[in-house]
Amino acid sequence: MMEQILTFFPLALSLLAACTCAPPGKAELDSIDLGNFNLSEETDWVNVDINNYVDGYDYEDPETKIEVGTVAPPSTFPPANQHTPLLTTPPPDAEQEVTSRPQPTSPPVKSRLDFDRPGLFGPQTGRGMPTCLLCVCLSTSVYCDDSDIEHVPPLPKETTYFYARFNRIQTIRATDFLNLKKLKRIDLTGNQVSEMDEDSLRLLPALQELLVPDNKLWRLPELPGTLRYLDARNNQLMTVGIRQEAFKDLTHLEFLYLSHNRLDFIPLPLPDSLRVLHLQGNRIQTLHEETFCRSHDASYIRKALEDVRLDGNPVNLSHFPGAYYCLPRLPTGRVQ
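In this text, all values refer to a predicted model and were calculated from it rather than measured experimentally. In this numbering scheme, every chain counts its residues from 1 along its sequence in written order. In keeping with the predicted nature of the model, local features appear solely for residues at pLDDT of at least 70, side-chain atom pairs appear and are counted solely at 80 or more, and the whole-chain, interface and lining totals rest on all residues. Where side-chain values are given, they derive from all heavy atoms of the structure, hydrogens and water being excluded.

Novice: If you had to explain the overall build of the chain to someone new, which residues and values would you point to?
Specialist: Starting at the N terminus, helices and strands are each numbered in turn, a helix being any DSSP run of H or I of at least four residues and a strand any DSSP run of E of at least two. Scanning the chain for helices and strands turns up 3 helices and 11 strands. Evaluated residue by residue, the chain yields a buried proportion of 34% over its 336 residues. In what follows, a contact means two residues having at least one pair of non-hydrogen atoms within 4.5 Å. Sequence-distant contacts, at least 24 apart, represent 42% of the contacts inside the chain between residues at least 6 apart. Accessibility throughout is a Shrake-Rupley quantity obtained with a 1.4 Å probe, and a residue counts as covered only by protein chains that appear here. Of the roughly 22,300 Å² of accessible surface on the chain, a fraction of 54% belongs to carbon and sulfur atoms. Note on classification: 1.4 Å probe, protein chains only; a residue is buried when its accessible area is under 20% of the maximum for its type, exposed when over 50%, partly exposed between these limits.

Novice: Tell me about the packing of aromatic side chains, and please be specific about residues and values.
Specialist: For this analysis, a ring pair means two rings from Phe, Tyr or Trp (six-membered ring only for Trp) whose centres lie within 6.5 Å, classed as stacked if their planes differ by under 30 degrees, edge-to-face if by over 60, and tilted for the remaining angles. Per the stated rule, a full pass over the model turns up 4 aromatic pairs. Consider the rings of Phe 162 and Phe 177, whose centres lie 6.1 Å apart with planes at 65°: the pair is edge-to-face. Placement of Phe 162 in strand β3 (residues 161-163) and of Phe 177 in the loop between β4 (171-172) and β5 (185-187) is noted, with a sequence separation of 15 residues between them. The exposure class of Phe 162 is buried, given its relative accessible area of 0%.

Novice: How would you sum up the sheet that holds strand β11 (residues 307-309)? Please name residues and give values.
Specialist: Any two strands with at least two DSSP-identified bridges between them are counted as paired. Pairing is mixed in the open sheet, where 9 strands are placed in the order β1-β2-β3-β5-β7-β8-β9-β10-β11. Here the strands that pair on one side only, and so sit at the sheet edges, are β1 (136-138) and β11. Within the sheet, the average angular offset between the axes of one strand and its neighbour, ignoring direction, is 5°. With 3 bridges connecting them, β3 and β5 associate as parallel partners. Across the sheet, residue Phe 162 finds its bridge partner in β5, namely Ile 186. With axes taken as lines fitted to C-alpha atoms, and helix axes fitted only over the stretch in contact, angles between N-to-C directions fall between 0 and 180 degrees.

Novice: Can you lay out unusual backbone geometry for me, pointing to particular residues and giving the numbers?
Specialist: For the bond running from Leu 268 to Pro 269, omega is -10°, close enough to zero to count as cis. Following the sequence through the fold, Pro 269 ends up in the loop between β9 (255-257) and β10 (276-278). The phi dihedral of Phe 166 is positive, around 60°, even though this residue is not glycine. Along the chain, Phe 166 turns up in the loop between β3 and β4. The backbone phi angle of Asn 179 is positive, close to 65°, even though this residue is not glycine. With respect to the helices, strands and loops of the structure, Asn 179 is situated in the loop between β4 and β5.

Novice: Explain the side chain of Ser 200 to me, using residue names and the numbers behind them.
Specialist: Within the element layout of this structure, Ser 200 appears in the loop between β6 (195-196) and β7 (209-211). Under the relative-accessibility criterion, Ser 200 is labelled buried at 2%. Every residue in contact with Ser 200, bar those within four places of it in the chain, is listed here: Ile 172, Arg 173, Ala 174, Phe 177 and Pro 221.

Novice: Kindly report on the state of the cysteines, identifying the contributing residues and their values.
Specialist: Throughout, a disulfide means two cysteine sulfur atoms within 2.5 Å of one another. On inspection of all chains with the given rule, the structure shows 3 disulfides. Linked covalently through their sulfurs, Cys 135 and Cys 144 form a disulfide whose S-S length is 2.0 Å. One disulfide, between Cys 135 and Cys 144, carries an S-S torsion of 105° and so falls in the right-handed class. Paired by a disulfide, Cys 293 and Cys 326 hold their sulfur atoms 2.0 Å apart. Since a negative S-S torsion denotes a left-handed disulfide, the Cys 293-Cys 326 link at about -95° is left-handed. On the criterion of sequence distance, the pair formed by Cys 293 in the loop between β10 and β11 and Cys 326 in the segment after β11 is long-range, its members being 33 residues apart. For the residue pair Cys 293 and Cys 326, the accessibility class agrees, reading buried in each case. Should the bonded cysteines of the chain be numbered as they appear in the sequence, the pairing reads 1-3, 2-4, 5-6.

Novice: For the environment of Pro 267, give the residues involved together with the corresponding values.
Specialist: Take Pro 267: it is sitting in the loop between β9 and β10. As for Pro 267 and Gln 244, which are separated by 23 residues in sequence, their C-alpha atoms are 7.7 Å apart.

Novice: Which residues make up the pattern of salt bridges, and what are the values?
Specialist: We define a salt bridge as a contact between a side-chain nitrogen of Lys or Arg and a carboxyl oxygen of Asp or Glu at a distance within 4 Å. Here the structure, examined in full by the defined rule, presents 17 salt bridges. Here Arg 165 and Asp 145 are joined by a salt bridge, their closest N and O atoms 2.6 Å apart. With Arg 165 in the loop between β3 and β4 and Asp 145 in the loop between β2 (141-143) and β3, this residue pair connects regions lying 20 residues apart in the sequence. Between Asp 187 and Arg 165 there is a salt bridge whose closest N-O contact spans 3.7 Å. Remark: Arg 165 occurs in the loop between β3 and β4 and Asp 187 occurs in strand β5; sequence separation between them is 22 residues.

If you want it as C-alpha cells, here you go:
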C-alpha cells in the first residue's frame, strides 16, 4: 500500500505545481514525454529545482494570451478620437416647453357688505373670501388689524370681541353690527372714522367697551346703557356733537376718556358710577357747582370718581372751588 502511494506521489506533485503556478512555456510542454514517463523511477526530491515549474511563463510577454470565460459586451460609446456632432434640432417626437403669455388680471374689488352667505368661515366680505380668511377668527374674537379695509366686514353672529385697528374705515353704518347680540368690545383705534350712524350702537345689548381713539369723529352716536368703557381720545369731538344728557343713563360707565378734542364744556350730568374722567387738552373755560357735586345736597360725596384730569384747558381751577369739593381727590389742572 505504501509503495503505491509513493508511486503516484510524484505525479500528484507535478499536477499540483501546474495548477498553482503560472502555465509553463510551450517549449517546455513539448519536451515532456508523458507516454514514457516512468512513475516507478525514484526522484531525488532533495535536489529538485522547483523553479523549473514556474520559470517557463514570461509575465512581460505581450503575445501571451489569457482566455477569460466571460467577456465584457462591446462598448456603445464612440471612440475618443471620433467627434460626435451636437444636435441642433430636437427629435420630432420630443416635447418642447413653451412659456405661456401672462393672463390679464382684473382690478381689485372693493370691500362691500354681504350678509346673505355666512359660510364655514363667516360671511362673505365682497373680496371673494369670507371674513375669517380676510381677518383672524379665534373662538368668538375677530381680529382685522392692519387689513387695509375701508368698511367693517360682516361678522359672525357669535362675535364677542371685534378688533379693526389701524385700517382705513371712514364710516360706521347702522347695519355694521346688526344682530350681534353677544358683542362686548369694539376697537376701531387708528382709523379715519368721521361719522357713526345714530343707531349703529344703540341696539347692542351686551356692548361694554367702545374704543375709537385717533379718528376724526366730531360727534358721538347714541350709546347703549350697558357701556362701561368709552375711549374717544384724539378726535374732533365738539360740544354740539354730544347730545344733551348723553351719559345720564349710562349707570355702568366707569371709564370716560375724551382728552384732546374740541369740547367747550364738560358733558353733564355724569353718572355716579364714573371712576376716571380725562378731559385734558380741550377748550373748557368754566365749571359750576353741578359739574361734579350737588348744590342742594352738601353731604353728597362722589366716592367713585378719583381720577379727574383738566390740564391743558383754559379753565383755572382755583376760581371754582365749589365745583369739586365733593371729590375724594382734587382734579389735575391749572390753578393759577
